[in-house]
Amino acid sequence: MRRGHIAVVAAAGALTMLAAVPAHATEYSSALKIKGVQYDAPGRDSNSCATGNTDEEYLTIKNYSRTATVNLKGYVVRDSTSTNKFTFMKNHTLQPGDYVKLRGGRGTDSDANNVVYRNNCNFIWNNDKDTIYLYKPSGAHADTHAYTKSANDRDGNGYITYHG
């Protein structure tokens, strides 16, 4: 093989490797990012609306912009199967550096307390592994993270931090 052919083969190999990078490793252009997830609610899982603990499972979404205010209306959060999905239907504004906790269960949404409830008493995240997708109202990706309990939750508390 000649040197020119080796360079072409090496470049093609590098392009193949770049194309093989999984989608969850991509950094998306978005002010909103997933700050962390309490994927495993403390205690024994119970999705009873009256006595369950789905409100202890939550996703923290933060506005990492230094200048832009972002309205969550139209943003979508879903799991790996799209079986569990939530769309922000109401206006909920995040100032630069502000965050919201998207909780399971039922409750009163509050800008002042940085909380939105899914009004669904089923758990959204799997306790062993899952992928979290955050989409902009346009349908474009805002952020994505895959996790496994064994690899990402080293202290075993059911909480994983992303983006600090």
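In this text the structure is predicted, and so the values were computed from the model without any measurement.

Student: Would you explain the overall build of the chain in this entry?
Tutor: Counting its regular elements, the chain contains 2 helices and 11 strands. Its helices and strands taken in sequence order, the chain reads α-β-β-β-β-β-β-β-β-β-β-α-β from the N to the C terminus. Per-residue burial for the chain yields a buried fraction of 38% across its 164 residues. Put simply, of all contacts in the chain between residues at least 6 apart along the chain, 57% involve residues at least 24 apart. Element-wise, carbon and sulfur atoms account for 51% of the exposed surface of the chain, whose accessible area totals about 9300 Å².

Student: What's the story with the pairing of strand E10 (residues 141–148) in this structure? I'm lost.
Tutor: Look at any regular strand and the pattern is simple: side chains alternate between the two faces of the sheet. Where strand E9 (residues 129–135) lies against E10, 7 bridges are found, and the strand directions are antiparallel. Pairing of leucine 134 across the sheet is with aspartate 143, part of E10. If you look at the hairpin formed by E9 and E10, you'll find 5 residues sitting between the two strands, and glycine 139 has a positive phi there, around 100°.

Student: I keep staring at the sheet that holds strand E4 (residues 76–78) and nothing clicks. Help me out?
Tutor: Pairing between the strands of a sheet comes from backbone hydrogen bonds, and it takes one of two forms, parallel or antiparallel. Spatially, 4 strands are ordered E5-E4-E9-E10 in an open sheet, and the strand pairing comes out antiparallel. A single partner strand is all that each edge strand has here, and the edge strands are strand E5 (85–87) and E10. Taking each pair of neighbouring strands and ignoring which way they run, the sheet shows an average axis angle of 10°. In this sheet, E9 lies alongside E4 in antiparallel orientation, the contact comprising 3 bridges. The partner of valine 76 across the bridge, within E9, is tyrosine 135.

Student: Before we go on, may I ask you to explain the sheet that holds strand E2 (residues 58–63) in this structure?
Tutor: Taken together, 5 strands build an open sheet; the order of strands is E8-E7-E2-E1-E11 and the sheet is mixed. One side of each edge strand has no neighbouring strand; the edge strands of this open sheet are strand E8 (115–117) and strand E11 (159–161). Across the sheet, the mean angle from the axis of one strand to that of its neighbour is 25°, orientation sign disregarded.

Student: Just checking my understanding: could you explain the nonpolar core for this structure?
Tutor: Generally speaking, soluble globular proteins have nonpolar side chains that are buried together. Among the nonpolar cores identified, the biggest contains 24 residues, and Leu59, Phe88 and Trp125 are the most heavily contacted of them. Among the elements of the structure, strand E1 (32–38), E2, strand E7 (99–103), E9 and E10 are those that each provide at least two residues to this core. Take this core: its biggest share by element is 3 residues, from E1. Leucine 59 has contacts with Ile34, Gly36, Val37, Val77, Val100, Lys101, Leu102, Trp125 and Ile132, leaving out every residue within four places of it along the chain.

Student: I tried to follow the packing of aromatic side chains on my own but got confused; where do I start?
Tutor: When we look at a pair of aromatic rings, we describe it by the centre distance and by the angle of the planes. In this structure the tally under the stated criterion is 4 aromatic pairs. Aromatic pair tyrosine 58 and tyrosine 159: ring centres 6.2 Å apart, planes at 40°, arrangement tilted. Within this pair, whereas tyrosine 58 is found in strand E2, its partner tyrosine 159 is found in strand E11, the two being separated by 101 residues in sequence. The ring of tyrosine 133 has arginine 78 lying over it, and the distance from NZ or CZ to the ring centre is 4.1 Å.

Quick notes on the rules
Position labels on residues start from 1 in each chain and follow its written sequence. Side-chain atom pairs in this predicted model are given and counted only at pLDDT of 80 or more, local residue features only at pLDDT of at least 70, and totals for whole chains, interfaces and linings cover all residues. Hydrogens and water are ignored here; the side-chain numbers use all heavy atoms of the structure. Runs of E in the DSSP output that reach at least two residues are strands. Runs of H or I that reach at least four are helices, and both are numbered from the N terminus. Only protein chains enter the area calculation, which uses a 1.4 Å probe; residues under 20% of their type maximum are buried, those over 50% are exposed, and those in between are partly exposed. What makes two residues a contact is simply this: any of their non-hydrogen atoms within 4.5 Å. All accessibility values rest on the Shrake-Rupley procedure with a 1.4 Å probe; residue burial counts only the protein chains present in the view. Here, a strand pair is defined by DSSP locating no fewer than two bridges between the strands. Throughout, an axis means a line fitted to C-alpha atoms (over the contacting stretch in the case of helices), and angles, computed between N-to-C directions, take values from 0 to 180 degrees. Think of a nonpolar core as a cluster: buried Ala, Val, Leu, Ile, Met, Phe, Trp, Tyr and Cys residues, connected wherever their side-chain atoms sit within 4.5 Å. Each Phe, Tyr or Trp ring, with Trp reduced to its six-membered ring, pairs with another whose centre is within 6.5 Å; inter-plane angles below 30 degrees give stacked pairs, above 60 give edge-to-face pairs, and intermediate values give tilted ones. We call a charge positioned over a ring when the NZ of a Lys or the CZ of an Arg lies within 6 Å of the ring centre and within 35 degrees of the ring normal.

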